[in-house]
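# What the coordinates show
Now for the letters of each chain:
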Amino acid sequence: MAARSPAVERILDAADACYARFGIAKTTMEDVASAAGISRATLYRTFADREALLTALVRRRATQNMTRTRPRLLELPTLADRVVEGMVLNVTVGHRDPLVHTLVSPEQMALATSLLSTTGLATELTRQFWEPILVAAQESGELRSGIDLEALCAWFSHLEIMFITQLDDSADSLARVRRMVAEFVVPALVA
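Residues numbered from 1 in each chain as written. Predicted model: local features only at pLDDT ≥ 70, side-chain atom pairs only at ≥ 80, totals over all residues. Heavy atoms only, no water.

By secondary structure assignment, the location of A20 is in helix 1 (residues 6–22). Residue class for A20 comes out exposed when judged on its relative accessible area of 65%. (Helix = DSSP H or I, 4+ residues; strand = E, 2+ residues; numbered from the N terminus. Buried < 20%, exposed > 50% of the residue type's maximum accessible area, 1.4 Å probe, protein only.)

Here you go:
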């Protein structure tokens, strides 16, 4: 992904602060423009609407997560380890991230469906995260042959969103996610 200009980063930082302060539903483009120290017209020249702004913010968070997490996963010895740890890390990050957690909450389901599912953004970001790991597993023979990577990433996306919405802050909850991925997802993938 290409680097964003400092002006765009400032707008995204302002949007982030506004979403944290007012919530997704109550944040207006006026709020974001004011927080960024720019006019609404300038904001609309950069982002056509609220959905475009929110999409850019979700993309930024996903890219930050990929940069931190994927190198650690690639150090793990097996595809099974990478899938279990990767899903657990993604779910943990999503659960702890106030914007992502709110976005996939039942209260924001219409927005989440529009932004993440209908546009294909969730699958696209999931594919960006997982594809290098899955391609390497295909090449090494660890991944079962004949798996459609795009469909697999769509499934991973649905699973991760579901786990984020169901996770609570107990250790048992995260252990349950780990167990489900190890017992049901991994056997569907390994050769």
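This next bit is on the packing of helix 1 against helix 2 (residues 29–36). How two helices sit against one another is set out by the angle between their axes and by the gap between those axes. Two elements in contact, helix 1 and helix 2, have axes separated by 8 Å at closest approach and are oriented at 125 degrees. As judged from the angle between their axes, helix 1 and helix 2 are oblique. Helix-helix and strand crossings are classified by hand; for helix 1 and helix 2 the assignment is right-handed. Here helix 1 contributes R10, I11, A14, A15, C18 and F22 to the contact with helix 2, which in turn contributes D31, V32, A35 and A36. Considering only residue class, the contact of helix 1 with helix 2 consists of eight nonpolar, no polar and two charged. (Axes fitted to C-alpha atoms, helices over the stretch in contact; angles between N-to-C directions. Parallel < 35°, antiparallel > 145°, perpendicular 65-115°, else oblique. Left-handed = near helix turned anticlockwise from the far one by under 90°. Contact = heavy atoms within 4.5 Å. Nonpolar A, V, L, I, M, F, W, Y, C, P; charged D, E, K, R; others polar.)

Ranked by size, the top nonpolar core spans 55 residues in total, and within it L53, V83 and W130 carry the most contacts. Elements with a minimum of two residues in this core: helix 1, helix 2, helix 4 (50–74), helix 5 (79–96), helix 6 (98–103), helix 8 (121–140), helix 9 (149–166) and helix 10 (171–189). Tallying contributions element by element places helix 4 first for this core, with eight residues. (Core = buried A, V, L, I, M, F, W, Y, C linked by side-chain atoms within 4.5 Å.)

With 25 residues, helix 4 extends 35 Å from end C-alpha to end C-alpha; this agrees with the ideal 36 Å at 1.5 Å per step. At M66, helix 4 shows its largest bend, some 30 degrees. By the N-cap criterion, in which a side-chain oxygen at the helix start approaches the backbone nitrogen of a residue two or three places on, helix 4 is capped by D49, the distance to E51 being 3.2 Å. (Expected span 1.5 Å × (residues − 1). Bend = angle between axes of the 7 residues up to and from the residue. Polar contact = N/O pair within 3.5 Å; in protein donor to acceptor, adjacent residues only side chain to side chain.)

Here the focus is the pattern of salt bridges. When charged atoms on two side chains of opposite charge get close, those side chains can pair. Inspection of the entire model under this criterion finds twelve salt bridges. As a salt-bridge pair, R60 and D13 come within 2.9 Å of each other at their nearest N and O atoms. On the criterion of sequence distance, the pair formed by R60 in helix 4 and D13 in helix 1 is long-range, its members being 47 residues apart. Given a relative accessible area of 8%, R60 falls into the buried group. For D13, a relative accessible area of 44% translates into the label partly exposed. With a closest N to O distance of 3.7 Å, R176 and D172 form a salt bridge. Here D172 and R176 lie together in helix 10, a separation of four residues that amounts to about one turn. Look at R176 and you get partly exposed, because its relative accessible area is 35%. (Salt bridge = Lys/Arg side-chain N within 4 Å of Asp/Glu carboxyl O.)

Here P98 shows up in helix 6. Residue P98 is classed as exposed on the basis of its relative accessible area, which comes to 56%. A C-alpha to C-alpha distance of 9.4 Å links P98 and G23, two positions 75 residues apart in sequence.

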